[in-house]
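These are the residues of each chain, in order.
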Amino acid sequence: MAEAHQAVGFQFTVTPDGIDLHLSREVLKHIYLSGVTSWIKRAIRFKNGILTGVYPASPSSWLIAVIAIMSTMYARIDPSLGMIDTIKRTLPVRFSPLSSDYMTVQTQTVLSAILFATGLWLSLILMLRYILKALLSYHAWIFESHGKMSFCTKLWLYLESVRPLLDDEQYNQMEVVANDFKRDEAPKLQKYLILKSWWATNYVSDWWEEYIYLRGRSPIMVNSNFYAMDLLYVIPTHRQAARAGNVVHAMLQYRRKLERGEHAPLRALGVVPMCSYQMERMFNTTRIPGIETDFVQHLSDRKHLVVYHKGRFFKVWLYYGGRHLWPSELETQFQRILDDTTEPQPGELKLAALTAGNRVPWARSRLKYFSQGVNKASLEAIETSAFFLTLDDEAHGYDPDKLRSLDLYAKSLLHGKCYDRWFDKSFTLIAYKNGKLGVNAEHSWADAPIVGHMWEYVLATDCFHLGYTEEGHCKGDINKGLPPTAKLQWDIPLECQEVIEDSYMVAKEIADDVDFHGCLFDEFGKGLIKKSRTSPDAFIQLALQLAQFRDKGEFCLTYEASMTRMFREGRTETVRSCTIESTAFVRAMQDKNTKSAQRLDLFRKAADKHQNMYRLAMTGSGIDRHLFCLYIMSKYLNIDSPFLKQVLSEPWRLSTSQTPQQQLNMVDINKFPRYVGAGGGFGPVADDGYGVSYIIVGENLITFHISSKFSSPETDSYRFGQNIRQAMLDIRALFDQNDKKEM
């Protein structure tokens with residue numbers, strides 16, 4: 001009971017002699033230190049606010065400007081061309097109407113000079129900002145010829161992208177519909193969209209978040225959330241609590257740097273800084289369910305996390321004495337949870353299945369059963385936590401000696417048991433009992449590269465900065481005086497338990513249908529591809545087109561995600577990888593009569609086309625987000641558009657994405673080749689299609705994460721993985737044959 005007494009700041013008893021007051025110095029000390037920490041954070045935010053407010057200048061430059069103007073005044077030179085005298089004449093002679101004190105002429109002159117210098121300084125800041133904005137808006141450096149793309153050009157690009165998928169009759173019909181749209185509905189919709197672009201920070205992102213993510217009423221597990229894996233080959237420690245302790249502490253370090261604005265901005269192709277807006281909602285963020293639409297709740301600072309283990313929820317404080325808990329202290333807290341043998345309360349075991357099922361039952365249950373009492377308090381603890389941690393009772397990870405180990409690892413991260421991840425949190429950290437880790441991330445608040453940036457920092461900090469003892473424990477002393485973890489309390493009625501079970505069954509059906517295959521391609525990698533003077537991404541995308549055709553005997557609409565973060569609050573744009581050039585290359589590869597030189601020539605043309613399409617998407621000249629916004633605008637204006645309906649209903653049977661690698665360069669993977677990440681993945685987008693995520697790891701490894709559905713007779717993730725492998729080797733053979741001829 002000693003810890004319970006420490007948790008009370010003061011106690012008092014009423015006696016015949018009066019009130020006997022007892023203060024706990026230990027608790028008051030923590031309250032004082034907590035307050036000091038809070039004020040330090042406010043001071044740092046205030047300082048950062050000033051620094052960003054005067055960027056690209058600095059506060060000290062104001063002093064330089066004032067001194068420079070004052071110096072010229074004393075030298076009897078007026079750089080203001082009479083403006084200082086004008087300011088002096090407008091100044092009040094008295095300090096205030098009620099004051100009898102008068103300003104001297106010298107005081108008026110000095111004050112006028114300071115005001116002029118300040119105005120000049122602010123004008124220079126605005127001018128520099130405008131110049132900087134103009135420079136960063138210039139995208140022609142990415143490719144040789146590029147200009148602002150008109151709507152007509154985007155419409156033509158759309159028709160070009162669907163040409164290889166349609167026969168002549170279908171294409172002619174689509175061309176007629178597109179031209180009708182261009183003539184009738186498009187001008188009005190475009191004018192309103194231009195008006196929105198003048199008013200909004202980004203004319204796409206708010207609608208994209210709302211209509212693509214938050215208004216969806218189907219389960220977000222598998223359908224929306226994505227995952228990130230641990231290091232592929234290395235497990236720094238097999239102690240579950242220790243690994244979780246180090247990683248949670250590293251995440252707190254990352255959050256502190258984020259709050260202080262200390263992370264260097266990422267740069268597109270190492271040149272232009274990209275928008276970091278999405279990072280703001282990485283921590284302290286939860287997707288809250290609603291009847292018609294969800295919303296994202298983001299809080300400024302949270303000092304606890306919630307841990308799930310074997311059906312129980314625990315609240316763990318992250319601060320002690322005004323500081324972050326050290327890794328060894330976190331390990332102690334997590335080990336206490338692992339050693340806890342209490343049983344889950346009725347309805348608690350599968351409670352998180354509510355976040356995995358359909359959104360409407362979850363929203364209604366939240367209002368009915370979690371709006372008061374202990375249920376409200378416990379749910380609030382989860383939703384206001386910094387993030388969510390699952391201490392999993394299973395062991396996962398890549399093991400070359402175990403068949404399908406990577407497949408099972410991915411499925412566990414993507415959906416788990418359907419009730420042991422809180423899918424609404426910005427991310428759930430998953431720590432397996434063998435020391436392996438992973439992350440399941442909610443998608444509405446940010447895209448995968450944002451989570452990847454944090455994850456790269458955390459893994460590097462865990463292994464190369466924090467480290468472990470020889471026994472595998474976290475470094476540092478063990479603090480036995482830590483307050484105990486608090487087990488969350490629930491009072492879940494039978495009616496709510498039935499809703500939980502229904503949500504679980506919906507989620508389990510989705511999870512059981514996920515056919516996943518992890519493919520490690522180590523025959524060659526980025527190094528050899530670059531020697532062939534080809535973009536690695538274009539190489540892989542063309543291999544995917546070849547694999548798709550061999551798998552199904554036809555081409556399909558292909559989605560590749562490209563970032564648009566060179567624009568403020570930018571998110572993604574679509575690169576339509578199935579082009580006229582790529583289909584010509586694939587047909588040549590399947591035609592035995594086509595010579596290798598001709599195939600190679602068609603490959604280069606297709607690769608160049610893909611690179612150009614990718615650059616267009618990066619620089620805001622893609623077509624899909626624009627058409628999406630025109631469609632939303634048509635709904636607001638009650639304009640029926642057959643063309644936009646057709647565009648937005650087309651299924652993406654091959655959805656692809658590249659996971660960025662080495663965003664921070666904290667680890668030299670040439671020196672430490674085994675400390676490489678395995679990337680991450682997502683669920684299938686179409687019922688009869690594939691989802692493919694790939695990461696180019698170092699110079700000699702490419703990892704593919706392939707998902708599809710068992711219920712589709714047309715797909716098989718393992719088969720598609722083998723087709724990708726063979727396609728990669730066949731394309732390489734073209735270059736090998738060409739090299740032999742040149743020799």
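Calculation rules
- For every chain, the first residue of the written sequence is number 1, and numbering continues from 1 onward in sequence order.
- Per-residue local features of the predicted model are confined to residues with pLDDT of at least 70, and side-chain atom pairs are confined, for both listing and counting, to 80 or more; whole-chain, interface and lining totals are unaffected and use all residues.
- Side-chain numbers come from the whole structure's heavy atoms, not from hydrogens or water.
- Secondary structure counts use DSSP, requiring at least four H or I residues in a row for a helix and at least two E residues in a row for a strand, with both numbered from the N terminus.
- Exposure classes here rest on a 1.4 Å probe applied to the protein chains alone. A residue is buried below 20% of its type maximum, exposed above 50%, and partly exposed in between.
- We call two residues contacting when some pair of their heavy atoms lies within 4.5 Å.
- In short, Shrake-Rupley with a 1.4 Å probe defines the accessible areas, and a residue's cover is counted only from the protein chains shown.
- Put simply, two rings from Phe, Tyr or Trp (the six-membered ring, in Trp's case) pair if the centres are within 6.5 Å, and we call them stacked under 30 degrees between planes, edge-to-face over 60, tilted for the rest.
- By definition here, charges over rings are those cases where NZ of Lys or CZ of Arg is within 6 Å of the ring centre and within 35 degrees of the ring normal.
- On a range of 0 to 100, pLDDT expresses the predictor's confidence in each residue.
- Pairs of N or O atoms are called polar contacts if they sit within 3.5 Å, as long as, within protein, a hydrogen donor faces a hydrogen acceptor (for residues adjacent in sequence, only side-chain-to-side-chain pairs).
- Between any two strands, pairing holds if DSSP finds at least two bridges.
- Angles run from 0 to 180 degrees between N-to-C directions of axes, and those axes are lines fitted to C-alpha atoms, restricted for helices to the stretch in contact.
- Between 65 and 115 degrees an angle is taken as roughly perpendicular, under 35 as roughly parallel, over 145 as roughly antiparallel, and anywhere else as oblique.
- Left-handed describes a crossing whose near helix is turned anticlockwise from the far helix by less than a right angle; the clockwise case is right-handed.
- Note on residue classes: Ala, Val, Leu, Ile, Met, Phe, Trp, Tyr, Cys and Pro are nonpolar, Asp, Glu, Lys and Arg are charged, and everything else, Gly too, is polar.
- In these notes, a set of buried Ala, Val, Leu, Ile, Met, Phe, Trp, Tyr and Cys residues joined through side-chain atoms within 4.5 Å is what counts as a nonpolar core.
- Patches draw on residues past 30% relative accessible area with no salt bridge. Two like charges within 9 Å are joined, as are two nonpolar side chains (Val, Leu, Ile, Met, Phe, Trp, Tyr) within 5 Å.
- The term salt bridge refers to a pairing of a side-chain nitrogen on Lys or Arg with a carboxyl oxygen on Asp or Glu at a separation within 4 Å.
- What a helix should span is 1.5 Å times the count of its residues minus one.
- As used here, the arc is the angular range of directions from the helix axis to the C-beta atoms.

Could you give me a rundown of the overall build of the protein, with the residues and numbers involved?
Along the protein, the regular secondary structure elements total 23 helices and 22 strands. For the protein, buried positions account for 52% of its 743 residues. Sequence-distant contacts, at least 24 apart, represent 76% of the contacts inside the protein between residues at least 6 apart. Summing over all exposed atoms, the protein offers an accessible surface of approximately 35,700 Å²; the carbon and sulfur share of this is 56%.

I'd like to hear about the environment of leucine 630, residue by residue, with values.
Mapped onto the elements, leucine 630 comes out in helix α21 (residues 624-636). Exposure remark for leucine 630: the relative accessible area of 0% places this residue in the buried category. C-alpha of leucine 630 to C-alpha of serine 641: the two residues are 11 residues apart in sequence and 9.8 Å apart in space.

Which residues make up the packing of aromatic side chains, and what values do they have?
In total, this model carries 34 aromatic pairs according to the counting rule given. Measuring from centroid to centroid gives 6.1 Å for tyrosine 694 and phenylalanine 704, while their planes differ by 45 degrees, and the two rings are tilted. Here the residue tyrosine 694 occupies a position in strand β21 (residues 690-697), and phenylalanine 704 occupies one in strand β22 (residues 701-709), the gap between them amounting to 10 residues. Taking the relative accessible area as the measure of exposure, tyrosine 694 reaches 0% and is therefore buried. Members of the aromatic cluster, joined through ring pairs, are Tyr308, Phe313, Trp362, Phe370, Phe388, Trp422 and Trp490. The ring of tryptophan 207 carries the charged tip of lysine 196 above its face, separated from the ring centre by 4.3 Å. Positioned over the ring face of tryptophan 208 is arginine 625, at 3.8 Å from the centre of the ring.

Break down the confidence of the model for the protein for me, citing the residues and quoting the values.
Of all residues in the protein, 88% have pLDDT values of 70 or greater, and the mean over the chain is 87. Contacts for the low-pLDDT stretch residues 1-10, under 50 throughout, to residues beyond four places or in other chains number 15 contacts.

Requested: an account of the environment of serine 426, with residues and values cited.
Structurally, the position occupied by serine 426 is in the loop between α14 (405-414) and β13 (427-431). Residue class for serine 426 comes out buried when judged on its relative accessible area of 1%. Note: C-alpha distance between serine 426 and asparagine 225 (201 residues apart in sequence) is 9.7 Å. In contact with serine 426, other than residues within four places in its own chain, are Arg281, Met282, Phe283, Thr285, Ala441, Glu442 and Trp445. Looking at serine 426, its side chain comes within polar contact range of the main-chain oxygen of methionine 282, at 2.8 Å.

Quick rundown of the sheet that holds strand β14 (residues 437-441)? Include the residues and the values.
Reading across from one edge, β15-β9-β8-β12-β13-β14-β3-β20 is the order of the eight strands in this open sheet, with mixed pairing throughout. If you trace the sheet from one side to the other, it starts and ends with β15 (486-487) and β20 (680-682), each paired once. Relative to β13, strand β12 (residues 388-391) runs parallel, the two sharing four bridges. Bridge assignment links leucine 389 to a residue of β13, and that residue is leucine 429.

Explain the packing of α21 against helix α22 (residues 642-649) to me, using residue names and the numbers behind them.
Each packed pair of helices is defined by two parameters, the angle between the axes and the distance between the axes. Running from amino to carboxyl end, α21 crosses α22 at an angle of 125 degrees, the nearest separation of the two axes being 10 Å. The angle between the axes of α21 and α22 places the two elements in the oblique class. The handedness of the crossing between α21 and α22 is left-handed. Only Phe643, Leu644, Lys645, Val647 and Leu648 of α22 make contact with α21, whose side of the interface consists of Leu627, Phe628, Leu630, Tyr631 and Ser634. Residue composition of the contact of α21 with α22, grouped by class: eight nonpolar, one polar and one charged.

Before we move on, can you summarise the nonpolar core with the specific residues and values?
By size, the foremost hydrophobic cluster in this structure holds 50 residues, and its most contacted members are Phe313, Leu351, Phe370 and Trp422. The element that contributes the greatest number of residues to this core is helix α16 (residues 494-512), accounting for six residues. In this view, tryptophan 422 contacts Phe313, Leu351, Ala352, Thr355, Trp362, Leu379, Ile382, Phe388 and Thr428; residues no more than four positions away in its chain are not counted. Counting 49 residues, the second-largest nonpolar core is a separate cluster that includes Leu231, Val307, Leu466 and Leu482.

Which residues make up a nonpolar patch on the surface, and what are the values?
On the surface, a nonpolar cluster with roughly 580 Å² of combined accessible area is contributed by Leu120, Leu124, Met127, Leu128, Tyr130 and Ile131. Following the sequence through the fold, leucine 120 ends up in helix α5 (residues 105-136).

Give me the pattern of salt bridges: which residues, what numbers.
Going through the model one piece at a time under the given rule, you end up with 41 salt bridges. For the salt bridge of aspartate 392 with arginine 421, the shortest nitrogen-to-oxygen distance reads 3.0 Å. Here the residue aspartate 392 occupies a position in the loop between β12 and α14, and arginine 421 occupies one in the loop between α14 and β13, the gap between them amounting to 29 residues. Arginine 421 shares its class with aspartate 392; the two are buried. Here the salt bridges do not stand alone but share partners, grouping Arg217, Arg287, Asp294, Arg359, Asp424 and Glu442 into one network.

Describe the environment of arginine 183, naming the residues involved and giving the relevant values.
Along the chain, the position of arginine 183 falls in helix α7 (residues 168-183). In terms of polar contacts, arginine 183 uses its side chain to reach the side chain of aspartate 180, at 3.0 Å.

Tell me about helix α8 (residues 186-199), and name the residues and values.
Across its 14 residues, α8 extends 20 Å between first and last C-alpha, which sits within 8% of the 20 Å expected from 1.5 Å per residue. Taken together, the buried positions of α8 are Ala186, Leu189, Gln190, Leu193 and Lys196. The arc that holds every buried residue of α8, seen down its axis, measures 115 degrees, which confines them to one face. For α8, the exposed residues set more than 90 degrees away from the buried face come down to Lys191, Trp198 and Trp199.

Could you give an account of the packing of α8 against α21, naming the residues involved and the relevant values?
With their axes 9 Å apart at the nearest point, α8 and α21 run at an angle of 100 degrees to one another. When the axis of α8 is compared with that of α21, the two are roughly perpendicular. In this structure, α8 contributes Leu189, Gln190, Tyr192 and Leu193 to the contact, and α21 contributes His626, Cys629, Leu630, Met633 and Ser634. Partitioning the contact of α8 with α21 into residue classes produces six nonpolar, three polar and no charged.

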